[in-house]
Amino acid sequence: MPPRPHSFRSSTEMLAEPTKEEIARAIRARNGNASSRASETPSLTAEEVNAIVRKLSFSAAAMAEHEASDDDVTDATFKVQIVMRLRPPADEAAAADDCFRVLSDSALIAQPPKTSQAYRSTGTATSFHFSRIFRPDTEQRDLFEATTRPVLDAAFAGKSGLVFAYGVTNSGKTYTISGTSDAPGVLPQALQYVMSELPRRKENDALPVTRITATYIEIYNENVFDLLSPALRKRRALRVQDCDGKIQVRGAVERSVKTLSEGLELLEMGRR
């Protein structure tokens, strides 16, 4: 995924990158709290804390140095961005058992839930670093602008791109990708953006003749299924093959998309 545009600013307030001392204090505080709840719970040693601090600081510095450069967009290290979206707690009990402490827009500390085996065995906090962290109150539009629109702009420039959600069951993947009628996810927003951008770019001679097609497939239990095929064939596994270094799904239905309504109809068809 290409780096996000430097002009983008989320509606969520941006936080300064934490210093080494702040990260160390946060980890020690978390581990200290865990130890007070379970006297036999081991905590991170000073050497382990310092190792985490060095790793976090290096990652943050490298990311900041890259984002400060407008020309260095081909560095393989930054072709893929990994963002974390925190889901709001399901209820008051989950909110009380807070497992995450966000240190900045790219760093957080996680502690196992009190009911987990990991908490009973260690209880120690661990730090993680991402390209970007989105808090529970992040709007769908802000997420799209930061993660998906740059990929689409790169596609208009002739580059390939991929956006996907990864997580355990009930972690919010469907909401992030598909969304709801009131809060559409990145996929319907991407359709809307592409269909609105095409006429504008063609008018400015910034885009050659373009044809948009769509396929909609599902990967389940190592098999690939076509969600746009007729109902009787929907559960027939398709064949995946390598054609000159490009992965293709043989037999998948490919539909032409000329309007936004046609694209949204295909999305709805695939969900049935």
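Residues numbered from 1 in each chain as written. Predicted model: local features only at pLDDT ≥ 70, side-chain atom pairs only at ≥ 80, totals over all residues. Heavy atoms only, no water.

**Notes on a nonpolar patch on the surface**
Here is step 1: Together, Leu162, Phe164 and Tyr166 make up an exposed nonpolar region whose accessible area comes to about 460 Å².
Here is step 2: Note on placement: Phe164 falls in the loop between α6 (149-156) and α7 (173-177). (Patch = residues over 30% accessible without salt bridge, like charges linked within 9 Å, V, L, I, M, F, W, Y side chains within 5 Å. Areas by Shrake-Rupley, 256 points an atom, 1.4 Å probe, with all protein chains shown as cover. Salt bridge = Lys/Arg side-chain N within 4 Å of Asp/Glu carboxyl O. Helix = DSSP H or I, 4+ residues; strand = E, 2+ residues; numbered from the N terminus.)

**Section: the nonpolar core**
Here is step 1: Counting residues in each nonpolar core, the largest one holds 21 residues, and the members touching the most others are Phe144, Leu152, Val194 and Ile212.
Here is step 2: The leading source of residues in this core is helix α8 (residues 186-203), at seven residues.
Here is step 3: In this structure, this core is formed jointly by two domains, domain 1 (139-209) and domain 2 (211-256), each of which donates at least three residues.
Here is step 4: For Phe144, the contacting residues outside a window of four places in its chain are Arg149, Pro150, Leu152, Val186, Gln189, Ala190 and Tyr193.
Here is step 5: Counting residues in hydrophobic clusters, the runner-up holds five residues, among them Leu86, Leu108, Ala110 and Phe130. (Core = buried A, V, L, I, M, F, W, Y, C linked by side-chain atoms within 4.5 Å. Buried < 20%, exposed > 50% of the residue type's maximum accessible area, 1.4 Å probe, protein only. Domains from an automatic or database assignment. Contact = heavy atoms within 4.5 Å.)

**Quick word on the pattern of salt bridges**
Here is step 1: For the structure on display, the rule yields seven salt bridges.
Here is step 2: Between Arg141 and Glu145 there is a salt bridge, with the nearest N and O atoms lying 3.0 Å from each other. Taken together, the residues span about one helical turn, with Arg141 and Glu145 both in helix α5 (residues 140-147) at a distance of four residues.
Here is step 3: Residue Glu145 is classed as buried on the basis of its relative accessible area of 16%.
Here is step 4: Across the pair Glu145 and Arg149 runs a salt bridge, and its minimum N-O distance is 3.2 Å.
Here is step 5: Relative accessible area serves as the criterion here: at 30%, Arg149 is assigned to the partly exposed category.

**Let's talk about the pairing of strand β10 (residues 246-250)**
Here is step 1: In the sheet, strand β9 (residues 239-243) pairs with β10 via five bridges, with the strands oriented antiparallel. Pairing of Val240 across the sheet is with Val249, part of β10. (Pairing = 2+ DSSP bridges.)

**A closer look at the pairing of strand β3 (residues 107-110)**
Here is step 1: A two-sided burial pattern is seen for β3, the buried positions comprising Ala107 and Ile109 on one face and Leu108 and Ala110 on the other.
Here is step 2: The sheet contact formed by strand β2 (residues 100-102) and β3 spans three bridges and is antiparallel. Bridge assignment links Val102 to a residue of β3, and that residue is Leu108.
Here is step 3: Here β2 folds back onto β3, and the loop between the two strands holds four residues.

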